Amino acid sequence: HYHYANELISHIRSLPGGQDLCIGAACYPEGHPESPDLITDVRYLKQKVDAGAQHLVSQLFFDNDDFFRFLERCRIAGIEVPIEAGIMPVLNRSSIERMVSLCGASMPRKLTRILARYGDHPAALREAGMAYAIDQIADLMAAGVDGIHLYTMNNPAVAKQISESISSIRSV
């Protein structure tokens, strides 16, 4: 068994055919919940990349500025692989509160207002949450991020609605 992801990545790379695999790894724009600080977290992320991770997918976040600061720390640390932004639309209060407690993502004021206002009204929260996610994605795409990873919790209708909403900006 492995204690750290970089150990698993190194092992996979050492196997016959391991050099032919595309290996992705997770990253945390606001820092891994068990990491003592953001700098240490990026050092560990660099170890994953140095071990052979070829692209990174971020944990969910709700403030794009957190992601942009994270990208800057990564590039300064010499992490040059593509980093996809992880976006999870807020569709119901209990599931988002559970996810936030698991991964440690912070909630910006704009999103906490949406939850406070629409949290007890499922249809309204779903609409406002989708609008928030689409706004996040449009901003990330305008900034030229390497990609978007949607956390849809096995809900293809969410992916379809977002894809349709951003179809014009995807082609630019």
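Data block above holds the structure.
The paragraphs below set out a description of the structure included in this document. Being a predicted model, the structure only gives us computed values, none of them experimental. (Residues numbered from 1 in each chain as written. Predicted model: local features only at pLDDT ≥ 70, side-chain atom pairs only at ≥ 80, totals over all residues. Heavy atoms only, no water.)

**Points about the environment of V100**
Just so we agree on the cut-off: Numbering of helices and strands starts at the N terminus; helices are DSSP runs of H or I of at least 4 residues and strands are runs of E of at least 2. Note on exposure labels: buried denotes an accessible area under 20% of the residue type's maximum, exposed denotes more than 50%, and partly exposed covers the range between, all computed with a 1.4 Å probe on protein chains only. Residue contacts are defined here by distance: any two heavy atoms, one from each residue, within 4.5 Å place the two residues in contact.
Looking at where V100 falls in the secondary structure, it is placed in helix α4 (residues 93-103). Residue class for V100 comes out buried when judged on its relative accessible area of 16%. Between the alpha carbons of V100 and E80 there is a distance of 28 Å; along the sequence they are 20 residues apart. In this view, V100 contacts F62, A105 and M107; residues no more than four positions away in its chain are not counted.

**Quick notes on the environment of G18**
Within the secondary structure layout, G18 lies in the loop between α1 (5-14) and β1 (24-27). Taking the C-alpha atoms as reference, G18 lies 25 Å from H149; in sequence the two are 131 residues apart. Setting aside its immediate chain neighbours within four residues, G18 contacts I12 and R13.

**Considering the nonpolar core**
Keep this limit in mind: Residue types Ala, Val, Leu, Ile, Met, Phe, Trp, Tyr and Cys, when buried and joined through side-chain atoms within 4.5 Å, form a set referred to as a nonpolar core.
Counting 29 residues, the largest nonpolar core has L56, F67, I79, I83 and I162 as the members making the most contacts within it. Setting aside residues up to four positions removed in sequence, L56 forms contacts with A25, C27, L45, V49, I79, V81, P82, I83 and E84. Formed by 15 residues, the second largest nonpolar core is a distinct cluster that contains L60, L111, L115 and Y132.

**Examining the pattern of salt bridges**
Our working definition: What makes a salt bridge here is a side-chain nitrogen of Lys or Arg within 4 Å of a carboxyl oxygen of Asp or Glu, nothing more.
If you walk through the whole model with that rule in mind, you get 7 salt bridges. For R93, the salt bridge goes to D120, with nearest N and O atoms at 3.4 Å. In this pair, R93 is assigned in helix α4 and D120 in the loop between α5 (109-118) and α6 (122-142), connecting sequence segments 27 residues apart. The partly exposed category is assigned to R93, whose relative accessible area is 27%. Close ionic contact of D135 with K110 constitutes a salt bridge, the shortest N to O distance being 3.4 Å. Taken as a pair, D135 in helix α6 and K110 in helix α5 lie far apart in primary sequence, 25 residues in all. Through salt bridges with shared partners, a single ionic network connects R93, E97 and D120.

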